[in-house]
Amino acid sequence: KAGVTQTPRYLIKTRGQQVTLSCSPISGHRSVSWYQQTPGQGLQFLFEYFSETQRNKGNFPGRFSGRQFSNSRSEMNVSTLELGDSALYLCASSLESRGGGYTFGSGTRLTVV
Amino acid sequence: QQQVKQSPQSLIVQKGGISIINCAYENTAFDYFPWYQQFPGKGPALLIAIRPDVSEKKEGRFTISFNKSAKQFSLHIMDSQPGDSATYFCAASKTSGTYKYIFGTGTRLKVLA
């Protein structure tokens with residue numbers, strides 16, 4: 001069974017640009033969540049999607065957005081990139097939207113220069 | 001009230017020893033407590049999880065001890081092996097209402113051969 005697939009694995013962008021990251025969950029998983037991981041702030045919740053609807057959103061500015069498609073694949077977008085957006089962005093999927101353990105992808109390493 | 005405090009920040013254990021990592025939470029509404037293991041360049045992987053209706057759960061060499069009254073839980077790794085060297089994160093979540101993980105800050109474990 002294929003795991004959670006995130007693309008691309010690495011990205012280098014310039015301040016002010018925008019970026020789109022992609023996540024394909026495990027087949028059959030309808031819940032997809034996104035987390036930002038940095039050395040200083042650790043793992044921070046961005047948002048969760050279930051059946052194409054955003055159910056929860058973390059405390060990130062509006063520059064961070066996401067969506068989920070009918071096949072459960074998800075994308076997140078960051079506009080007007082700042083140096084502080086440099087991080088590992090992790091996507092996680094779960095079979096149930098409540099109470100189940102997440103399966104994380106390997107992440108997309110975003111570097112903003 | 002949303003914090004999960006994890007200690008120690010780093011841990012060095014001899015091969016065959018016991019590794020113990022502790023977490024404390026504040027929100028009594030949390031009812032799902034997973035532990036994740038992360039290797040460099042990889043996303044976190046679910047190790048073991050517990051719900052507050054049990055005080056201990058064991059899976060192989062990994063045991064979670066849960067103290068509901070103290071709002072603390074811990075991970076014990078018995079017979080620690082060099083391959084266990086990784087960063088460990090505890091987390092807490094509610095399985096109703098807003099569903100997201102609140103992660104601890106992580107413990108970097110090094111097991112000496």
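Keep in mind that what you see is a predicted model, and the values were worked out from it rather than measured.

Draft legend 1. Structural detail: the overall build of chain B. In terms of regular secondary structure, chain B is built from zero helices and 11 strands. When the elements of chain B are put in sequence order from the N terminus, they spell out β-β-β-β-β-β-β-β-β-β-β. The C-alpha atoms of chain B give 14 Å as radius of gyration, which agrees with the globular expectation for 113 residues (13 Å, within 12%). If one aligns the C-alpha atoms of chain B with their principal axes, the spans along those axes are about 45 × 30 × 20 Å. Sorting the 113 residues of chain B into buried and exposed places 47% on the buried side. Accessible surface, chain B: about 5500 Å² in total, of which carbon and sulfur atoms supply 49%. Seen as two clouds, the 13 positive and the 7 negative side-chain charges of chain B have centres 6 Å apart.

Draft legend 2. Structural context of the overall build of chain A. Along its length, chain A carries zero helices and 11 strands. N-terminal to C-terminal, the α/β element order of chain A is β-β-β-β-β-β-β-β-β-β-β. Computed over the C-alpha atoms, the radius of gyration of chain A is 13 Å, within 12% of the 13 Å expected from 2.2 N^0.38 for a compact globule of 113 residues. For the C-alpha atoms alone, the extent of chain A along its principal axes is close to 35 × 25 × 25 Å. Evaluated residue by residue, chain A yields a buried proportion of 51% over its 113 residues. Considering only intrachain contacts with a sequence separation of at least 6, the fraction spanning at least 24 residues in chain A is 54%. A total accessible area of about 5200 Å² is found for chain A, and carbon and sulfur atoms account for 46% of it.

Draft legend 3. Spotlight on the pattern of salt bridges. Residue and element names in this part refer to chain A. For the structure shown, the criterion picks out six salt bridges over all chains. As a salt-bridge pair, Arg67 and Glu75 come within 3.3 Å of each other at their nearest N and O atoms. Linking Arg73 and Glu75 is a salt bridge whose minimum nitrogen-to-oxygen distance equals 3.4 Å. Overlapping salt bridges, with partners in common, bring together Arg63, Glu82 and Asp85 in one network.

Draft legend 4. Fine view of the interface of chain A and chain B. Each side of the interface is counted separately: chain A has 18 residues, and chain B has 18 residues. Between chain A and chain B, the buried area comes to about 1500 Å², and carbon and sulfur atoms account for 53% of it. On the surface where chain A and chain B come into contact, there are five residue pairs in polar contact (both at pLDDT 80 or more). Looking at the side of chain A that touches chain B, the elements with two or more residues in it are strand 4 (31–38), strand 5 (42–50) and strand 9 (87–94) of chain A. In terms of residue class, the side of chain A that touches chain B is built from seven nonpolar, eight polar and three charged.

Draft legend 5. The arrangement of the pairing of strand 7 (residues 64–68) of chain A in detail. Residue and element names in this part refer to chain A. Relative to strand 8 (residues 74–78), strand 7 runs antiparallel, the two sharing five bridges. By the bridge assignment, Gln68 is partnered in strand 8 with Ser74. Between strand 7 and strand 8, which pair antiparallel and follow one another directly, the connecting turn spans five residues, one of which, Ser72, has a positive phi of 75 degrees.

Draft legend 6. Expanded view of the sheet that holds strand 3 (residues 19–25) of chain B. Residues and elements named next belong to chain B. On the basis of which strands lie adjacent, the open sheet formed by five strands has the order 1-3-8-7-6 and antiparallel pairing. The open sheet has two edge strands, strand 1 (4–7) and strand 6 (56–59), and neither has a second partner. Taking the axes of each pair of neighbouring strands and ignoring which way they run, one obtains an average angle of 15 degrees across the sheet. Relative to strand 8 (residues 72–77), strand 7 (residues 62–67) runs antiparallel, the two sharing six bridges. The residue bridging Phe62 from the neighbouring strand is Ile77, located in strand 8.

Draft legend 7. Representation of the state of the cysteines. Residue and element names in this part refer to chain A. Scanning all chains against the criterion turns up two disulfides over all chains. What pairs with Cys23 in a disulfide is Cys91, and their sulfur atoms sit 1.8 Å apart. Across the S-S bond linking Cys23 and Cys91, the dihedral sits near -60 degrees, which makes this disulfide left-handed. Taken together, the positions of Cys23 in strand 3 (residues 19–24) and Cys91 in strand 9 put the pair 68 residues apart, joining distant regions of the chain.

So, how was this worked out
Residues numbered from 1 in each chain as written. Chains lettered and ligands numbered in written order. Predicted model: local features only at pLDDT ≥ 70, side-chain atom pairs only at ≥ 80, totals over all residues. Heavy atoms only, no water. Helix = DSSP H or I, 4+ residues; strand = E, 2+ residues; numbered from the N terminus. Rg over C-alpha atoms; globule rule 2.2 N^0.38 Å. Buried < 20%, exposed > 50% of the residue type's maximum accessible area, 1.4 Å probe, protein only. Areas by Shrake-Rupley, 256 points an atom, 1.4 Å probe, with all protein chains shown as cover. Lys, Arg positive; Asp, Glu negative; His and termini not counted. Charge placed at Lys NZ, Arg CZ, Asp CG, Glu CD. Contact = heavy atoms within 4.5 Å. Salt bridge = Lys/Arg side-chain N within 4 Å of Asp/Glu carboxyl O. Buried area = accessible area lost by both parts, 1.4 Å probe. Polar contact = N/O pair within 3.5 Å; in protein donor to acceptor, adjacent residues only side chain to side chain. Nonpolar A, V, L, I, M, F, W, Y, C, P; charged D, E, K, R; others polar. Pairing = 2+ DSSP bridges. Axes fitted to C-alpha atoms, helices over the stretch in contact; angles between N-to-C directions. Disulfide = S-S within 2.5 Å.

Without other data, these values stay purely geometric and don't point to any function.
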